[in-house]
Number of protein chains: 2
Amino acid sequence: MKIYNSKDERFPEIFEELLGRGAMDIDQVTETVAALLKEIREEGNAALRRHIARFDRWEPADDAALQVDPAEMAMAYEAIAPELRDALHLAYDRIKAYHEKLLPKSWFEYEKNGSMLGQKVTPVDRAGLYIPGGKAAYPSSLLMNAVPAIVAGVEEIVVCTPTPDNEINVLLLAACHLCGIKKVFKVGGASAIGAMAYGTETIPKVDVITGPGNIFVATAKKLVYGEVNIDMIAGPSEIGILADGSARPDWVAMDLLSQAEHDEMASSILITDDAELAKRVVDEVEKALSKLEREAIARKSIEERGAIIVTSDMAEAIDLMNQIAPEHLEVMTASPMELLGSIKHAGAIFLGHYTPEPIGDYIAGPNHTLPTGGTAKFYSPLSVEHFLKKSSLIMMTEAGVRELGDACALLAHTEGLTAHEASVRIRLEEK
Amino acid sequence: MKIYNSKDERFPEIFEELLGRGAMDIDQVTETVAALLKEIREEGNAALRRHIARFDRWEPADDAALQVDPAEMAMAYEAIAPELRDALHLAYDRIKAYHEKLLPKSWFEYEKNGSMLGQKVTPVDRAGLYIPGGKAAYPSSLLMNAVPAIVAGVEEIVVCTPTPDNEINVLLLAACHLCGIKKVFKVGGASAIGAMAYGTETIPKVDVITGPGNIFVATAKKLVYGEVNIDMIAGPSEIGILADGSARPDWVAMDLLSQAEHDEMASSILITDDAELAKRVVDEVEKALSKLEREAIARKSIEERGAIIVTSDMAEAIDLMNQIAPEHLEVMTASPMELLGSIKHAGAIFLGHYTPEPIGDYIAGPNHTLPTGGTAKFYSPLSVEHFLKKSSLIMMTEAGVRELGDACALLAHTEGLTAHEASVRIRLEEK
């Protein structure tokens, strides 16, 4: 793992390169993805079944074979180890409790003249969750996507997940049962996004699609955006750590590796004002790497995309981190809460030495679906808001129109919109 | 204007067609727009100046000529009629007051073991507003886009607007001055969206782009989505009116026309349980049309895309309207508030006979940038939320990690992520 000093002459250049982390070349796959989507749109299930044979290497016997039997989910739930079931329940409860605090309320206020303004909040009718399958089938992703939709009050939740060789992760099925989800389809990749965006004979058209995925899924989400809403376009995972001399190097090292093991493209960056800590973290990373099950992935990620930056003070460290706007930000300093005011851009902020990022991945409560690649500058974590929409409310009394009508009509007139003007004026006329 | 009865045999087919209203064939212009964006990305100002010469028929003398002199805005503000200035101020104040109510707050909560969860709300650094120019230069659009950004606390607001033949609307300039906006650029169309998304030598890269525009602007916004955030992809304007026998046909007619005059592609749909009202509205529309300045546009829109649907009762009318999910929904019935609970999908809801839609376009307070083409099923009105983002907050105490650590480590282990597991376990070890 390389150490850079922010005072180095070449640092601006190196930092610029770090800022470009995780950029996905969507253009490269757009044509392929657009073609897959077109097939789904035009042929529905027939195209889905063809894509499954091609990408997941099994042939659904009929359209019904696309869907998982809910009884299978109930059986999976019963079959898993009790302590695992308890852990899933604890995660579910805590995620639910946190997301309930994010639920906006409808509201209205009356003015003195009796007019009313407000906002009505309603859930979308149908949500589609994309959950990666195969090697990277994470039941935690199901919880993190389903619970906000449940809390929002979405009536129907649809799940699509790829099942390579027609195999499906038992824990994922158990999590679906726990969430009360009935409609799970064995469809993955861009085809799944298309199916949920357009609808097929079997898979209902949804209003919002959320969930992680590879570049094909991300590109498909971008292409169907507007047809449906989406949560965000997510790239490889990443962590930024701000640490001072109070941090334990072995803890910092393990937290860096917990992102690195996700993906060779993942990026793990430590920024510290303590050159000694930097050196010791490098050693600890090396020591820990060899013990990991996913050593090869983590090693490649940390060597090619990891970085340690030594700054002259924590203010400079925070400034650099704000420019990075990491998906996950750990603040491992003596007084982390004192720095919170200066932190502007990050998907999730993990404060203090006892808050390892994985606690947020599974069980703390906040969502683990977070903006990557610097998009924390403008995107928010996945939330109940993604499964809701709002309608403005306006009710004018006659007195209200009399109070505002002239100014309104004048503005409409000035913009040359005479029917707008007349629709106000007509209400001001003597009866 | 045509009247349909929901009991007609052919009605489902007709209704299906109405639901397809406002669909934009983005594919058709994608190639052109992508090429324009690529030029902006690679050549910056040089491409901008070339595009201005081509589309707006004037040649900026230098890069500085792309920007409006703030002194010109101050002069415009002083030059407009006092009553117009007052109307703009009234609109500004009311829009500001409403949007202040939409401002979410940062929050946090401590658990018994001292751990803390919360959410930090921060504005984006820079917002870019696209405001159409030329014939359709609406100062109201500037207010509706700028005020939410101001209320959100955005540090720098950038405006791009096309200036055909190098002419710029005085009222737009006055509105910019009123909003305290200093950076206004004479750039329009897809080029403007590209300039704000990528940045040029003169125009800063922004984090969020909002504002209305034609199909080229909408397509450009879709293409840069992910690079920056956007508000929504908006199509032609539309109104849906739910009315019963208590509605005045002349008022209903004028409100339908107030959308129709926007655009030949605009759609105006009345659904009523009163066949007599339907007939009288048709007559009133005909009477009013000839008096409009924009008669030709309104006539084409109302004839080709307008519709009156007669249902057997209001429940059926509401059900159809929910399927339409109109941008603007007027409820012109005897007891509009009684119906509010059944209304699920609409950008803005105008309740009662004294609430013409234009009052919401200019002065009521809620935003006039609203989801079109049925996207009110999943999009919300433009809001302060578009200019903000949130960061999850997690701070665990040692006791907190001890309480949740085992379950968390078990879930991580089950997903095969051993570094995740270790980063939790390492904190549970005896010191």
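Residues numbered from 1 in each chain as written. Chains lettered and ligands numbered in written order. Predicted model: local features only at pLDDT ≥ 70, side-chain atom pairs only at ≥ 80, totals over all residues. Heavy atoms only, no water.

Some words on the interface of chain B and chain A
How big an interface is tends to be reported as the loss of accessible area on association of its parts. Cut-off, in case you're wondering: Contacts are assigned to residue pairs with any non-hydrogen atoms lying within 4.5 Å of each other. Each of two parts loses accessible area, computed with a 1.4 Å probe, when they are put together; buried area is these two losses added. Counted as salt bridges are all cases of a side-chain nitrogen of Lys or Arg within 4 Å of a carboxyl oxygen of Asp or Glu. By the criterion applied in these results, polar contacts are pairs of N or O atoms within 3.5 Å in which, for protein atoms, one can donate a hydrogen and the other can accept it, and in which residues neighboring in sequence qualify only through two side-chain atoms. Only DSSP runs of H or I covering at least 4 residues are called helices, and only runs of E covering at least 2 are called strands; the numbering of each starts at the N terminus. We call two strands paired when DSSP finds no fewer than two bridges between them.
Counting residues at the interface gives 120 residues for chain B, matched by 120 residues for chain A. For the pair chain B and chain A, the summed buried area comes to about 10500 Å², and 62% of that belongs to carbon and sulfur atoms. A per-residue breakdown of the area chain B buries against chain A is headed by Y225(B), Y354(B) and R427(B), which together make up 8% of the total. Counting across the interface, chain B meets chain A through eight salt bridges. We note a salt bridge from E109(B) to K101(A), for which the minimum N-O separation is 3.0 Å. On inspection of chain B and its partner chain A, the count reaches 62 residue pairs in polar contact (both at pLDDT 80 or more). With nine residues, the top contributor of residues to the side of chain B that touches chain A is helix α16 (residues 398-414) of chain B. Strand direction decides the pairing type here: strand β13 (residues 348-351) of chain A and strand β14 (residues 388-395) of chain B, joined by four bridges, are parallel. The residue bridging F350(A) from the neighbouring strand is I394(B), located in β14(B).

Re the relation of the copies chain B and chain A
Selection criterion: The atoms used to superpose the copies are C-alpha atoms, taken from residues with pLDDT of at least 70 in both, and the fit is least squares.
When chain B is fitted to chain A, the residual RMSD is 0.0 Å, and the transformation amounts to a turn of 180 degrees plus an axial shift of 0.0 Å. Given the turn and translation reported, the copies of this chain are related as if by a two-fold rotation axis. When C-alpha distances to the rotation axis are compared across chain B, the minimum falls at K222(B), with a value of 4.0 Å. Interface overlap between copies is the fraction of interface residues in one copy that are interface residues in the other; for chain B against chain A it reaches 100%, indicating a shared surface.

Describing the nonpolar core
Rules: Buried Ala, Val, Leu, Ile, Met, Phe, Trp, Tyr and Cys residues form a nonpolar core when they are joined through side-chain atoms within 4.5 Å. Burial status follows relative accessibility: with a 1.4 Å probe on protein chains alone, a residue under 20% of its type maximum counts as buried, one over 50% as exposed, and anything between as partly exposed.
Core analysis: the largest hydrophobic core is formed by 262 residues, its most contacted members being L142(A) and L142(B). Ignoring any residue separated from it by four or fewer positions in sequence, one finds L142(A) in contact with L129(A), I131(A), V159(A), L172(A), A175(A), C176(A), C179(A) and I181(A).

Digging into the side chain of S141(A)
All names here are of chain A. Relative to the helices and strands, S141 is located in helix α6 (residues 139-152). Look at S141 and you get buried, because its relative accessible area is 4%. Ignoring sequence-local partners within four residues, the contact set of S141 consists of I131, P212 and H368.

Observations concerning the UniProt feature "binding site: substrate" (unreviewed entry) in chain A
Residues and elements named next belong to chain A. In plain terms, the rule: UniProt positions are given in the numbering used here, feature names are shortened, and annotations may be inferred rather than shown by experiment.
Per the UniProt entry, the sites bearing "binding site: substrate" (unreviewed entry) are S237, Q259, H262, H328, D361, E415 and H420 in this numbering. Maximum C-alpha separation among the annotated residues is 56.1 Å over a sequence range of 184 residues, too wide for a single clustered spot. By secondary structure assignment, the location of S237 is in the loop between β8 (229-230) and β9 (238-243). The residues touching S237, leaving out its near neighbours within four places in the chain, are Q259, H262, A266, S267, E327 and H328.

Things to note about the state of the cysteines
Residues and elements named next belong to chain A. Convention followed: Cysteine sulfur atoms are paired as a disulfide whenever they come within 2.5 Å of each other.
Applying the stated criterion to the full structure yields zero disulfides over all chains. Unpaired in terms of disulfides, C176 finds its nearest cysteine sulfur in C179, a separation of 7.0 Å. Given the relative accessible area of 1%, C176 is considered buried.

Quick word on the environment of V187(A)
All names here are of chain A. Following the sequence through the fold, V187 ends up in the loop between β6 (183-185) and α8 (189-198). We classify V187 as buried; its relative accessible area is 1%. In this structure the C-alpha to C-alpha distance between V187 and L370, which are 183 residues apart in sequence, comes to 24 Å. Apart from the residues lying within four places of it in its own chain, the contact partners of V187 are L48, I52, L66, Y130, C160, T161, P162, A192 and I203.

Describing the domain arrangement of chain A
Rules: For every domain, the bounds stem from an assignment made automatically or drawn from a database.
Split into domains, chain A comes out as domain 1 (3-24 + 235-364), domain 2 (26-230) and domain 3 (396-428). Placing the centre of domain 1 of chain A and that of domain 3 of chain A at their C-alpha centroids yields a distance of 57 Å.

Quick notes on the UniProt feature "active site" (unreviewed entry) in chain A
Residues and elements named next belong to chain A. What UniProt calls "active site" (unreviewed entry) maps, in this numbering, to E327 and H328. Those residues within four positions of E327 in sequence are excluded, and the remaining contacts are P236, S237, E238, Q259, A346, G347, A348, H368, L370, P371 and T372. Side-chain polar atoms of E327 contact the backbone nitrogen of E238, separated by 2.9 Å. Structurally, H328 is set in strand β12 (residues 328-332). Once residues within four sequence positions are removed from consideration, H328 is found in contact with S237, E238, I239, G240, Q259, A348, F350, E357, D361 and L370.

A word on the sheet that holds strand β4 (residues 126-130) of chain B
All names here are of chain B. Short version of the rule: Whenever a helix is involved, its axis is fitted only over the stretch in contact; in every case the axis is a line through C-alpha atoms, and angles between N-to-C directions fall within 0 to 180 degrees.
Sheet architecture is open: five strands sit in the order β6-β5-β4-β7-β8, paired in parallel fashion. Whereas interior strands pair on both sides, the edge strands pair on one side only; in this sheet they are β6 (183-185) and β8 (229-230). As judged from the five bridges shared by β4 and strand β5 (residues 156-160), these two strands associate in the parallel manner. Pairing of A127 across the sheet is with I157, part of β5. Its contacts with the sheet place helix α8 (residues 189-198) against β4, β5 and β7 (208-210), and it is angled at close to 180 degrees to β4.

Digging into the pattern of salt bridges
What the rule picks out here adds up to 52 salt bridges over all chains. Across the salt bridge formed by R425(A) and D406(A), the nearest N and O atoms sit 2.9 Å from each other. Of this pair, R425(A) sits in helix α17 (residues 418-428) while D406(A) sits in helix α16 (residues 398-414), and the two are 19 residues apart along the sequence. The class for D406(A) is partly exposed, based on a relative accessible area of 48%. R50(B) is paired through a salt bridge with E43(B); the nearest N and O atoms lie 2.8 Å apart.

What to know about the environment of T418(A)
With respect to the helices, strands and loops of the structure, T418(A) is situated in helix α17. For T418(A), a relative accessible area of 13% puts it in the buried group. Separated by 104 residues in sequence, T418(A) and M314(A) place their C-alpha atoms 59 Å apart. In contact with T418(A), other than residues within four places in its own chain, are E261(B), L292(B), E293(B) and R294(B).

So, the packing of α16(B) against helix α17 (residues 418-428) of chain B
All names here are of chain B. Condition: Orientation categories follow fixed angle ranges, with anything under 35 degrees roughly parallel, anything over 145 roughly antiparallel, 65 to 115 roughly perpendicular, and all other angles oblique. With the far helix as reference, a near helix turned anticlockwise by less than a right angle produces a left-handed crossing, and one turned clockwise produces a right-handed crossing. Residues are grouped as follows: nonpolar covers Ala, Val, Leu, Ile, Met, Phe, Trp, Tyr, Cys and Pro; charged covers Asp, Glu, Lys and Arg; every other residue, Gly included, is treated as polar.
Contact geometry for α16 and α17: axes closest at 8 Å, N-to-C directions at 155 degrees. Regarding the angle of α16 to α17, the classification is roughly antiparallel. Along this stretch, α16 crosses α17, giving a crossing that reads as left-handed. Contacts between α16 and α17 pair V401, R402, G405, D406, C408, A409, L410, A412 and H413 from the former with H420, E421, V424, R425, R427 and L428 from the latter. For the contact of α16 with α17, the class distribution of residues is seven nonpolar, three polar and five charged.

What to know about the side chain of E357(B)
Put simply, the rule is: The positive count covers Lys and Arg only, the negative count covers Asp and Glu only, and His and the chain ends enter neither.
Tracing the backbone shows E357(B) in helix α15 (residues 357-362). Buried charged residue E357(B) carries no salt bridge. Nearest counter-charge: R427(A), at 9.2 Å. If we ignore the near neighbours within four places in the chain, the residues touching E357(B) are H420(A), I239(B), S258(B), Q259(B), H328(B), E330(B) and F350(B).

A closer look at the packing of helix α11 (residues 275-289) of chain A against helix α12 (residues 295-305) of chain A
Residues and elements named next belong to chain A. For the pair α11 and α12, interaxial distance at closest approach is 10 Å and the crossing angle is 155 degrees. Classified by the angle between their axes, α11 and α12 sit roughly antiparallel to one another. Seen along the crossing, α11 lies across α12 with a hand that is left-handed. On α12, the residues touching V285, E286 and L289 of α11 are E295, A298, R299 and I302. Here the residues of the contact of α11 with α12 are counted per class, giving four nonpolar, no polar and three charged.

So, the pairing of strand β3 (residues 116-123) of chain A
Residues in a regular strand point their side chains to alternate faces of the sheet. Residue and element names in this part refer to chain A. With respect to burial, β3 is a largely interior element, seven of its eight residues being buried. Bridge count for strand β2 (residues 107-110) against β3 is four bridges, and the pairing is antiparallel. Residue pairing in the sheet places E109 in a bridge with L117 of β3. Where β3 and strand β14 (residues 388-395) come together, eight bridges link them in antiparallel fashion. Note on β14: the bridge partner recorded for G118 is L393.

Examining the sheet that holds β13(A)
Strand order across the open sheet formed by nine strands is β1(A)-β11(A)-β10(A)-β9(A)-β12(A)-β13(A)-β14(B)-β3(B)-β2(B), with mixed pairing between neighbours. Of all strands in the sheet, those with a lone pairing partner are β1 (3-5) of chain A together with β2 (107-110) of chain B, marking the two edges. Within this sheet the neighbouring strands show an average axis-to-axis angle of 20 degrees, counted without direction. Note that β9(A) and strand β10 (residues 267-272) of chain A share six bridges and pair parallel. Bridge pairing in β10(A) links I239(A) to S268(A). Packed onto the sheet, helix α13 (residues 314-324) of chain A meets β9, β10, β11 (307-310) and β12 of chain A and runs at close to 170 degrees relative to β9(A).

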